[in-house]
Amino acid sequence: MSMVRKLLQVLLENLGVKLEDSMIDVLVDKKMVNMNYYPTCPNPDLTVGVGRHSDMGTLTILLQDGIGGLYVKIEEDSEFGKKGEWVEIPPVPSALVINVGDMVQVLSNGKYKSAEHRVRTTSTKSRVSIPIFTMPNATAKIAPFPEVVEKDGNTLYKEFVFVDYMKNFFSNAHDGKKSLDFAKINSA
Ligand SMILES: O=C(O)CCC(=O)C(=O)O
Ligand SMILES: [Fe+2]
């Protein structure tokens, strides 16, 4: 967990936010481990391993085996000539994948984008992955850090209690980054 704490600290320091230890404690208070098993699938094109979504928490640490199938969406950005496309995150022995979760997007007032990702199955091999999701304390009040809002001159997200975000997340099917609409100000 010290790696996650350090990562969070570095990411936010980069935006001019000094994170006290007690604040980090709140933001990575809960850890949830999943063990995903994706059986071989006769027709992967007609099957969803995991539908496109972003993780709702703070940071996710993911260990995947050597099979592959995890894709992340590069967001379209016409200013930089990037078209929205799915890119595979290939398995690298001993490497961990770190996902930015929705909470980091909110806290950073959108400076860091939570990673939209999905999983495809294969017809030849089963796959295993083990994500550890870190999440704020259920009663934590989450809002963009004032230091960032001040610099940006506007706030993109309203304040909410984390458990309410979580309830909303789990009461809807995965649908890309729709989960963040819960926190958006002026989301039409
Ligand atoms: O299996 C994977 O690589 C990712 C799983 C995932 O996105 C999740 O459990 O939230
Ligand atoms: Fe995920």
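Owing to the predicted nature of the structure, the values given are computational and were not obtained by experimental measurement.

Caption draft 1: Just the overall build of the chain, in detail. Of the regular secondary structure elements, the chain holds five helices and eleven strands. Taken against the 2.2 N^0.38 rule, which gives 16 Å for 188 residues, the C-alpha radius of gyration of the chain at 17 Å falls within 12% of a compact globule. With respect to the three principal axes, the spread of C-alpha positions in the chain is 50 × 35 × 35 Å. The buried share of the chain, taken over its 188 residues, is 39%. Within the chain, counting contacts between residues at least 6 apart in sequence, those at least 24 apart form 76% of the total.

Caption draft 2: The confidence of the model for the chain, seen in detail. Residues at a pLDDT of 70 or more form 99% of the chain, whose mean pLDDT is 94. Here the complex is predicted with pTM 0.94, and the ipTM for its interfaces comes to 0.98.

Caption draft 3: Structural detail: the coordination of the iron ion (ligand 2). His53 (NE2), Asp55 (OD) and His117 (NE2) make up the full set of protein donors to the iron ion (ligand 2), lying at 2.1 to 2.2 Å. Read from N- to C-terminus, the donor residues coordinating the iron ion (ligand 2) fall into the pattern H-x1-D-x61-H. There is no split in this pair, since histidine 53 and aspartate 55 are both buried.

Caption draft 4: Structural detail: the site of ligand 1. Around ligand 1, the structure places Asn36, Tyr38, His53, Asp55, Leu62, Leu70, His117, Val119, Arg127, Ser129, Pro131 and Phe133. A distance of 3.3 Å separates an oxygen atom of ligand 1 from a polar side-chain atom of asparagine 36. One of the side-chain nitrogen or oxygen atoms of histidine 117 is found 3.0 Å away from an oxygen atom of ligand 1. Relative to its unbound accessible area of 300 Å², ligand 1 is 93% covered by the protein chains. At a threshold of 2 Å from the grid points, most atoms of ligand 1 map onto the largest pocket. At the level of elements, β2 (36-38), β8 (117-119) and β9 (127-135) are the ones that each hand at least two residues to the shell around ligand 1.

Caption draft 5: View of the pattern of salt bridges. Applying the stated criterion to the full structure yields eight salt bridges. With a shortest N-O distance of 2.7 Å, aspartate 29 and lysine 30 are connected by a salt bridge. Since its relative accessible area comes to 27%, aspartate 29 is described here as partly exposed. We note a salt bridge from lysine 177 to glutamate 75, for which the minimum N-O separation is 3.5 Å. Highlighted residues: lysine 177 in the segment after α5 (162-170) and glutamate 75 in the loop between β5 (70-74) and β6 (85-88), separated in sequence by 102 residues. A relative accessible area of 15% places lysine 177 in the buried class.

Caption draft 6: Local environment of α5. Restricting attention to buried positions, one finds in α5 the residues Phe162, Tyr165 and Phe169. All buried residues of α5 project into a common sector of 60° when viewed along the axis, lining one side. For α5, the secondary structure elements touched by its buried residues are α3 (102-107), β9, β10 (141-142) and β11 (160-161).

Caption draft 7: Structural view of the layout of surface pockets. Taken as a whole, the largest pocket encloses approximately 390 Å³ of empty space. Along its surface, the largest pocket is lined by 24 residues, and Asn34, His53, Asp55, Phe133 and His174 are the ones closest to its centre. It is β9 that contributes the most residues to the lining of the largest pocket, five residues altogether. Looking at the lining of the largest pocket residue by residue, the classes come out as twelve nonpolar, ten polar and two charged. Its boundaries defined by the atoms lining it, the second largest pocket holds a volume of some 280 Å³. Along the wall of the second largest pocket there are 17 residues; nearest its centre are Val72, Lys73, Lys113, Ser114 and Ala115. Of all the secondary structure elements, the ones that give two or more residues to the lining of the second largest pocket are β5 and β7 (97-100). Here the lining of the second largest pocket is composed, by residue class, of eight nonpolar, three polar and six charged.

Reading the values: rules and limits
Residues numbered from 1 in each chain as written. Chains lettered and ligands numbered in written order. Predicted model: local features only at pLDDT ≥ 70, side-chain atom pairs only at ≥ 80, totals over all residues. Heavy atoms only, no water. Helix = DSSP H or I, 4+ residues; strand = E, 2+ residues; numbered from the N terminus. Rg over C-alpha atoms; globule rule 2.2 N^0.38 Å. Buried < 20%, exposed > 50% of the residue type's maximum accessible area, 1.4 Å probe, protein only. Contact = heavy atoms within 4.5 Å. pLDDT = per-residue confidence, 0-100. Donors = N, O, S within 2.8 Å, 3.2 Å for Na, K, Ca; no water. Near = heavy atom within 4 Å. Polar contact = N/O pair within 3.5 Å; in protein donor to acceptor, adjacent residues only side chain to side chain. Areas by Shrake-Rupley, 256 points an atom, 1.4 Å probe, with all protein chains shown as cover. 1 Å grid on protein atoms, 1.4 Å probe; cavity = no way out; pocket = protein on both sides within 12 Å on 5 of 7 lines; lining within 4 Å. Sits in = over half its atoms within 2 Å of the grid points. Salt bridge = Lys/Arg side-chain N within 4 Å of Asp/Glu carboxyl O. Arc of directions from axis to C-beta. Points joined across faces, edges and corners; volume = space filled by probe spheres on them. Nonpolar A, V, L, I, M, F, W, Y, C, P; charged D, E, K, R; others polar.

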